[in-house]
Amino acid sequence: MVFAATLEGPSIPWVELIPILSLLAGTCFLLLVGSLVPTWPRRGYAWVAGISTTVAIVANAVKWNNLRYDNGETFFADVIAIDRFSVLASITICLAVILGALMMSAYLLRMNADGPELYALLLTSAIGALVMVAANELIVLFLGLEILSLSLYLLAASNRDREQSQESGLKYFILGGFSSAFFLYGVALIFGSTGSTKISGIGQVLSGNISVTNTDAMLLVGIGMLLVGLGFKVSAAPFHVWTPDVYEGAPTPVTAFMASVGKVAAFAALIRILAVGLEQRVDDWRPVVWALAILTVFTGSILAVVQTNVKRMLAYSSISHAGFILVGVEAAGHAGSDGIATSMNYLAIYTVLVMGSFAIVLALSGNTDGETNLSDFKGLAKRRPALALAFTVLLFAQAGVPLTAGFVSKFAIIKSSVEANSYVLAIAAMVAAVIGAYLYLRIAVSMWLEEPESDSEILVDPAVAIVIVVSVVATLIVGFFPELLLHATRLARFAPL
Amino acid sequence: MHASFPILSALILLPIIGAVLITVISNKHLEIVKLIAMLFSIGVGGMSIWLLASFHSHDSGFQFVSQHDWVTSWGISWHLGVDGISLFLVVLTGILFPLVILGVDPHHDHKRYLAWLLLLEAGVMGSFLSLDLFLFFIFFEIVLVPMYFLIGGWGYDKRVYAATKFFLYTMLGSAFMLVGIIATAVLARRDIGYLTFDLVTIAEQASFATNTGRWLFVSFAIAFAVKVPIFPLHTWLPDAHTQAPTGGSVILAGVLLKMGTYGFLRFGLYLFPAAAVWAKPVLLTLAVIGIIYGAIAATMQTDLKRLVAYSSVAHLGFIVLGIFAITSQSLTGSVMQMVNHGISTGALFFLVGMIYERRHTRQIAELRGIQSVAPIFSAAFMIVMLSSIGVPGLNGFAGEFLILIGSFQSARWWTIVAATGVILAALYLLWAYQRVFHGEPDEANSTFAEMTLREGALIMVFIGLIGFTGVYPKPMLERIEPSVDKLVEHVVTHSDYKTPTIPNIVVEPHGEKAGE
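Here the structure is a predicted model, which is why all the values come from computation and not from measurement.

**With respect to the overall build of chain B**
Looking only at helices and strands, chain B features 22 helices and two strands. By the compact-globule yardstick of 24 Å for 516 residues, chain B fits well, its C-alpha radius of gyration being 22 Å. Projected onto its principal axes, the C-alpha coordinates of chain B cover approximately 75 × 55 × 40 Å. Among the 516 residues that make up chain B, the fraction classed as buried is 65%. In chain B, once contacts between residues fewer than 6 apart in sequence are set aside, the share between residues at least 24 apart is 81%. Summing over all exposed atoms, chain B offers an accessible surface of approximately 17,400 Å²; the carbon and sulfur share of this is 65%. Positive and negative charge centroids in chain B, built from 28 and 31 side chains respectively, lie 5 Å apart.

Following this line, the structure appears as structure tokens:
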């Protein structure tokens, strides 16, 4: 009791935690009530997940509104930063959770395996993601990363009837464990050289007059290890090898979720570490990010060319998208750049595109969730013209065709890059985008110009239809009126140190 | 002086509305679909002719300007305008599309075919009318999508290969241009004070350091050179032209290629005058190589459509020659030749398409003696072909003659080599004509059907334009010249380039008559 009096914990502003708490409440409700009440109404679990995420979105939106005049602040002894950057990333993540839950409900109903577990895992992984984007402390960030990753390993392996799903989960788990180790070791080294695990604290130490020359090598190795760990999570080349296998094997809604939420969270964390913590070490990390970006855009777009499975194709295209975001991150390493804003912009748009694309894959993947070969898409325009049209819009958006959101996102990134005088990177990214376009054209050719191989009826679940319509409409609206999103992402700032 | 009706926006939006309407109408009402496509394309054509009629002929600036903010944080606006350089390309676009829609039957999937065509028209119109770099890029790039589907969906055997090649090739060129456009706007901000993609503002207020300007020019030039296409970036063209359906070929040759040459004028010379002067020798040389190479390649073709495609490479070479000779006459000739080539090559593709419909082959070796079974068809082909060769009294001559006269003053040796291209053009076209139309028809060709009334009416429009422009180019010239003169003056004041001091040769409408 004596100790309790002297060991005073930080004050807890519960209001700031509403998004996370709401997801947590949803998780608990699903697990507890789900195990007590055996039969739920149709899509009941999805509703619970959706409602708790909606509460999180509303709370975030209110917070966004409150942050009109300031950049936010840090809480819990400075380990959590609720600023416009984290709020924007949280909203993106929560939207992805809702779309993911919709797809999940369609998937589970089709597999006849509706149950609370997967929704609970969706919510817990989202909790991890929300912690990651707001973490101002490397250990807390690691906690978030592990919550996210562990949930995703389980989700990836959740289809017990499909071998690839097991393989996917296991592969992701083993390789993810490696990358976590790298990350953690990096944290340790950075702590060793700067004496802090707080991201803003590291920034202060590095910008102060304290000499770190003796520990320079340690710091550089630490930075490198952090980049490896997070590079794995965002599937940047050469740490991308797991991506196609895991994306292909995981149930389609999980793939969509992994591709969007995982990437947003990891990129947000990466950007915060680089831009806040290692701002003074820009000259050290920028060339590394430069090289990663070039390697990633080309790896993604070139390897995509030879794929025959649409899920693998989209996996490689997600690698190439990660490369594009790295281009924005590289730009953010130059003074006065809006690279952070444009990277966030790209992430938000990418989330919508990838959700919509995988929703269409889900609609076509059949009862085994395995019919995702390119040949399964043949003649889709003759079987379901609306579906083919929607997929075409999303694919062309991913290729960066004007008047779609995809063009806006690419344009913004290239603009940041050019403003930062990174011309080589900008041109390389655009050339890679052209190579990548071949992939989308191949899918479009299959859908529009080839004869269908089967004429079995394609049933589109209403929940999937909602995801598709929402993403296509959002793609076109942002494509025609980019100002709407640009305005929000331009405001994405970090809390002051 | 401006009409209150935003006619330029209407020229772009009307086809889009038409395409949307067509998409939502059920497949069962095919007649209504066709009617809508017809009405909308004719409406756009009518408006473009109205635009021509109300265009002030001696005004060198942009007319019918319409400007609205779009993406304010990037300084992007919906800025449209038309001047003497773009006017006739807009009119050509307005005329060609209804002719394609009325004149060619795609045989299947009419609904999608017509929707794509209308979208294509909107894109092409937008490219010719945009005065904002971002807006231009959007239209320039969006054109690929409908064209890709038109070639891929309604083309011949190797259509998917050709369509993909076309898409990727052009997109690669545009990739460089996108970086160039952004860099232009970002760098111009230092002179202008704020970020803007507005073409006129940047061209008039910003100046680029010598090397910067050159890099920027190169980034634009790659995109346009692919589109024109300039040798050695032309390899997509024969495939795309040959595999495209007739309507697609007509549009491709008629207006799409002009987006490249127009781009050189509007965005190359106007934005980067000093760099354009610097790049002059290279582009002139490539243009001349294109003329000779295109002609030789055309001579060797066994496929009639491929022959016409290669003739385009040669003809576009003349246009590029005229552009980079940078004299008033050569530029005027180039602008005129863009339109002329659109008319004559468009008509040639129509005629080749008609041959294919009848014989299901385009191989020259399998065609013979058509003249004796279908004299009217042959006569029409002859006139169009002569126009393409550039025979005096027809439209091809007026443009080519101006280009050669103008270029001779500033790029003498290039012009001398290029002039031999005129003879080569006569060689490959006349030889092809001789093989296809002369001689005794064999069994397969003896049933070659004569031109139908619909086909005749279609070709008559082209022949009318060919004859009118050939005999009386004055109305066209007096609208083109002021804008071209202004452009040349812009180049002269913004670079160390001097126009040749040879006294201006005034081309009177009867000038060509005298040369005949």
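**What about the overall build of chain A?**
When its secondary structure is counted, chain A shows 20 helices and two strands. Over its C-alpha trace chain A gives a radius of gyration of 22 Å, about what one expects of a compact globule, namely 23 Å for 497 residues. Taking all 497 residues of chain A together, the buried fraction comes to 64%. Counted over contacts in chain A with a minimum sequence separation of 6, partners at least 24 positions apart contribute 80%. Here chain A displays about 18,000 Å² of accessible surface, and carbon together with sulfur accounts for 67% of that area.

**Examining the packing of aromatic side chains**
By the definition in use, this model includes 53 aromatic pairs over all chains. One Lys or Arg, K410 of chain A, reaches over the ring of F324 of chain A and ends 4.8 Å from the middle of that ring. Sitting above the plane of the Y156 of chain B ring, R362 of chain B keeps its charged end 4.7 Å from the centroid.

**Focus on the pattern of salt bridges**
One pass over the full model with this rule turns up 25 salt bridges over all chains. A salt bridge links D83 of chain B to R266 of chain B; the nearest nitrogen and oxygen atoms lie 2.6 Å apart. One end of the pair, D83 of chain B, is in the loop between strand 2 (76–82) and helix 3 (84–103); the other, R266 of chain B, is in helix 12 (residues 258–269), with 183 residues separating them in the sequence. Both residues of the pair, D83 of chain B and R266 of chain B, count as buried. Of the charged contacts, one joins E455 of chain B and R358 of chain B as a salt bridge, the two residues approaching to 2.7 Å between their closest N and O atoms. Of the two residues, E455 of chain B sits in helix 20 (residues 453–471) while R358 of chain B sits in helix 15 (residues 328–359), which places them 97 residues apart along the sequence. Overall, E455 of chain B belongs to the buried group, its relative accessible area being 16%. By sharing partners, the salt bridges in this structure join E167, K171, D245, E248 and R312 of chain A into a single network.

**Here we look at the interface of chain B and chain A**
Contact with chain B, which involves 33 residues of that partner, is made by 34 residues of chain A. Our count for the contact surface shared by chain B and chain A stands at one salt bridge. Counting every contact that joins chain B to chain A gives six residue pairs in polar contact (both at pLDDT 80 or more). Counting residues per element, the side of chain B that touches chain A draws most heavily on helix 7 (residues 159–192) of chain B, at 15 residues. Of the residues that constitute the side of chain B that touches chain A, the class distribution is 25 nonpolar, five polar and three charged.

**Things to note about helix 5 (residues 116–134) of chain A**
Over its 19 residues, helix 5 of chain A extends 27 Å from the first C-alpha to the last, a length consistent with the 27 Å expected when each residue adds 1.5 Å. Taken across its 19 residues, helix 5 of chain A has 18 buried, putting it largely inside the fold.

**Observations concerning the environment of R368 of chain B**
All names here are of chain B. For R368, the location among the structural elements is in the loop between helix 15 and helix 16 (370–373). A sequence separation of 101 residues divides R368 from T469, and the C-alpha atoms of the two residues are 32 Å apart. Discounting residues that sit within four places of it in the chain, R368 has contacts with R435, V436, H438, E440, P441, D442 and N445.

**A closer look at the confidence of the model for chain B**
All names here are of chain B. Summing up the model confidence of chain B, the mean pLDDT is 87 and the portion of residues at 70 or higher is 96%. Considering only residues more than four positions removed or in separate chains, one finds that residues 511–516, a stretch of pLDDT under 50, has eight contacts. Of the two predicted TM-score estimates for the complex, the pTM is 0.89 and the ipTM is 0.85.

**Some details on a nonpolar patch on the surface**
Residue and element names in this part refer to chain A. Together, L150, L170, F173, I174, L175, F178 and F182 make up an exposed nonpolar region whose accessible area comes to about 660 Å². Looking at the nonpolar patch element by element, the count peaks at six residues for helix 7 (residues 163–194). When its relative accessible area of 41% is taken as the criterion, F173 is described as partly exposed.

**So, the packing of helix 3 of chain B against helix 15 of chain B**
Residue and element names in this part refer to chain B. Two elements in contact, helix 3 and helix 15, have axes whose closest approach is 9 Å; the angle formed by their N-to-C orientations is 10°. The orientation of helix 3 relative to helix 15 falls into the category roughly parallel. Seen from above, helix 3 lies across helix 15 with right-handed handedness. Listed contacts from helix 15 to G84, I85, F88, L89, L92, L96, L99 and V100 of helix 3 are V335, M338, V339, G342, I343 and F350.

**Concerning the pairing of strand 2 of chain B**
All names here are of chain B. Taken across its seven residues, strand 2 has seven buried, putting it largely inside the fold. Alternating positions in strand 2 separate into two faces, I76, W78, L80 and V82 on one and S77, H79 and G81 on the other, with burial throughout. Here strand 1 (residues 63–71) pairs with strand 2 via six bridges, running antiparallel. Counterpart to Q67 in the pairing with strand 2 is H79. Hairpin connection of strand 1 to strand 2: four residues between the antiparallel strands, including G75 at a positive phi of 65°.

**Quick look at the packing of helix 3 of chain B against helix 12 of chain B**
Residues and elements named next belong to chain B. Orientation of helix 3 relative to helix 12, taken along the N-to-C sense of each, is 165°, at an axis distance of 11 Å. One element, helix 3, and the other, helix 12, form an angle in the roughly antiparallel class. When the axes of helix 3 and helix 12 are compared, the crossing they make is left-handed. Residues I85, S86 and L89 of helix 3 pack against K258, Y262, L265 and R266 of helix 12. In terms of residue class, the contact of helix 3 with helix 12 is made up of four nonpolar, one polar and two charged.

**Structural notes on unusual backbone geometry**
Of note, the bond from A237 of chain A into P238 of chain A is cis; its omega dihedral lies within 30 degrees of zero at 5°. Among the structural elements, P238 of chain A can be located in the loop between helix 9 (216–233) and helix 10 (242–249). Along the chain, F231 of chain B connects to P232 of chain B via a cis peptide bond; the corresponding omega equals 5°. Along the chain, P232 of chain B falls in the loop between helix 9 (210–227) and helix 10 (236–243). Although it is not a glycine, R43 of chain A sits at a positive phi angle of roughly 60°. Mapped onto the elements of the fold, R43 of chain A is located in the loop between helix 2 (18–36) and helix 3 (44–66). Look at F64 of chain B: it is not a glycine, yet its phi comes out positive at around 55°.

**Examining helix 17 (residues 405–419) of chain A**
Helical periodicity: at 3.6 residues per turn, an α-helix aligns residues three or four positions apart in one direction. Residues and elements named next belong to chain A. For helix 17, spanning 15 residues, the distance from its first C-alpha to its last is 21 Å, which sits close to the expected 21 Å at 1.5 Å a residue. With 14 of 15 residues buried, helix 17 is to be regarded as a mostly interior element. Of the residues flanking the end of helix 17, it is N421, one or two places downstream, whose phi is positive at about 65°.

**Describing the environment of K280 of chain B**
All names here are of chain B. Looking at the element boundaries, K280 is found in helix 13 (residues 273–300). For K280, a relative accessible area of 12% translates into the label buried. Between the alpha carbons of K280 and I326 there is a distance of 8.8 Å; along the sequence they are 46 residues apart. Every residue in contact with K280, bar those within four places of it in the chain, is listed here: F324, A325, I326, S410 and Y497.

Rules used in this analysis
Residues numbered from 1 in each chain as written. Chains lettered and ligands numbered in written order. Predicted model: local features only at pLDDT ≥ 70, side-chain atom pairs only at ≥ 80, totals over all residues. Heavy atoms only, no water. Helix = DSSP H or I, 4+ residues; strand = E, 2+ residues; numbered from the N terminus. Rg over C-alpha atoms; globule rule 2.2 N^0.38 Å. Buried < 20%, exposed > 50% of the residue type's maximum accessible area, 1.4 Å probe, protein only. Contact = heavy atoms within 4.5 Å. Areas by Shrake-Rupley, 256 points an atom, 1.4 Å probe, with all protein chains shown as cover. Lys, Arg positive; Asp, Glu negative; His and termini not counted. Charge placed at Lys NZ, Arg CZ, Asp CG, Glu CD. Phe/Tyr/Trp six-rings, centres within 6.5 Å; stacked < 30°, edge-to-face > 60°. Lys NZ or Arg CZ within 6 Å of the ring centre and 35° of its normal. Salt bridge = Lys/Arg side-chain N within 4 Å of Asp/Glu carboxyl O. Polar contact = N/O pair within 3.5 Å; in protein donor to acceptor, adjacent residues only side chain to side chain. Nonpolar A, V, L, I, M, F, W, Y, C, P; charged D, E, K, R; others polar. Expected span 1.5 Å × (residues − 1). pLDDT = per-residue confidence, 0-100. Patch = residues over 30% accessible without salt bridge, like charges linked within 9 Å, V, L, I, M, F, W, Y side chains within 5 Å. Axes fitted to C-alpha atoms, helices over the stretch in contact; angles between N-to-C directions. Parallel < 35°, antiparallel > 145°, perpendicular 65-115°, else oblique. Left-handed = near helix turned anticlockwise from the far one by under 90°. Pairing = 2+ DSSP bridges.

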